[in-house]
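Listed below, chain by chain, are the residues.
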Amino acid sequence: MGSGQKLPNIRTIQILLGLKTEAEASRIADLLLAFDVVPEPTMTDDREAARIERLCRANGVTIQI
């Protein structure tokens, strides 16, 4: 645990859902414990991201999200 690498929780779910057997899912889930889980964005995070994107766009910079 705590490798310094981050893994969004939604990705963890998608990885585990794609596996065919419980044994395989259990093995991979154990391996994923090496990653810190990033909490899901909050409404505050979304608002700040939108504000930053508008600021970039107003200055001629287009970003892809």
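Please read these numbers as outputs of a predicted model, since none were measured by experiment. (Residues numbered from 1 in each chain as written. Predicted model: local features only at pLDDT ≥ 70, side-chain atom pairs only at ≥ 80, totals over all residues. Heavy atoms only, no water.)

Regarding the overall build of the chain
Moving on, step 1. Broken down by element type, the chain carries three helices and two strands.
Moving on, step 2. By the burial criterion, 9% of the 65 residues in the chain qualify as buried.
Moving on, step 3. Contacts in the chain between residues far apart in sequence, at least 24 positions, make up 66% of those at least 6 positions apart.
Moving on, step 4. Roughly 5,600 Å² of accessible area belongs to the chain as shown, and the carbon and sulfur atoms make up 59% of that amount. (Helix = DSSP H or I, 4+ residues; strand = E, 2+ residues; numbered from the N terminus. Buried < 20%, exposed > 50% of the residue type's maximum accessible area, 1.4 Å probe, protein only. Contact = heavy atoms within 4.5 Å. Areas by Shrake-Rupley, 256 points an atom, 1.4 Å probe, with all protein chains shown as cover.)

Thoughts on the pattern of salt bridges
A side chain with one charge can pair with a side chain of the opposite charge if their charged atoms come near.
Moving on, step 1. Under the defined criterion, the tally for this structure stands at two salt bridges.
Moving on, step 2. Notably, a salt bridge pairs Arg-51 with Glu-48, separated by 2.8 Å at the nearest N-O pair. Here the residue Arg-51 and the residue Glu-48 both occupy positions in helix α3 (residues 43–58), the gap between them amounting to three residues, near one helical turn.
Moving on, step 3. Looking at Glu-48, the relative accessible area reads 37%, which means it is partly exposed.
Moving on, step 4. The shortest N-O distance in the salt bridge between Arg-57 and Glu-53 comes to 3.8 Å. Highlighted residues: Arg-57 and Glu-53, both in helix α3, separated by four residues, approximately one helical turn. (Salt bridge = Lys/Arg side-chain N within 4 Å of Asp/Glu carboxyl O.)

Some remarks on the environment of Arg-11
Moving on, step 1. By the element assignment, Arg-11 lies in helix α1 (residues 9–17).
Moving on, step 2. The partly exposed category is assigned to Arg-11, whose relative accessible area is 44%.
Moving on, step 3. Sequence separation between Arg-11 and Val-37 is 26 residues, and the spatial gap between their C-alpha atoms is 9.7 Å.

A short note on the environment of Ile-13
Moving on, step 1. Relative to the assigned elements, Ile-13 resides in helix α1.
Moving on, step 2. Along the sequence, Ile-13 and Ala-29 sit 16 residues apart, while their C-alpha atoms lie 9.5 Å from each other.

Remarks on α3
Moving on, step 1. Between the first and last C-alpha of α3 there are 22 Å, a value that for 16 residues agrees with the 22 Å anticipated at 1.5 Å per step.
Moving on, step 2. Among the residues trailing α3, Gly-60 stands out with phi positive, at a value near 80 degrees. (Expected span 1.5 Å × (residues − 1).)

Side note on the confidence of the model for the chain
Moving on, step 1. Scored by pLDDT, the chain has a mean of 86; 89% of the residues are at 70 or more.
Moving on, step 2. Mean pLDDT in the chain bottoms out at strand β1 (residues 6–8), which sits at 70, and peaks at helix α2 (residues 22–32), which reaches 95. (pLDDT = per-residue confidence, 0-100.)

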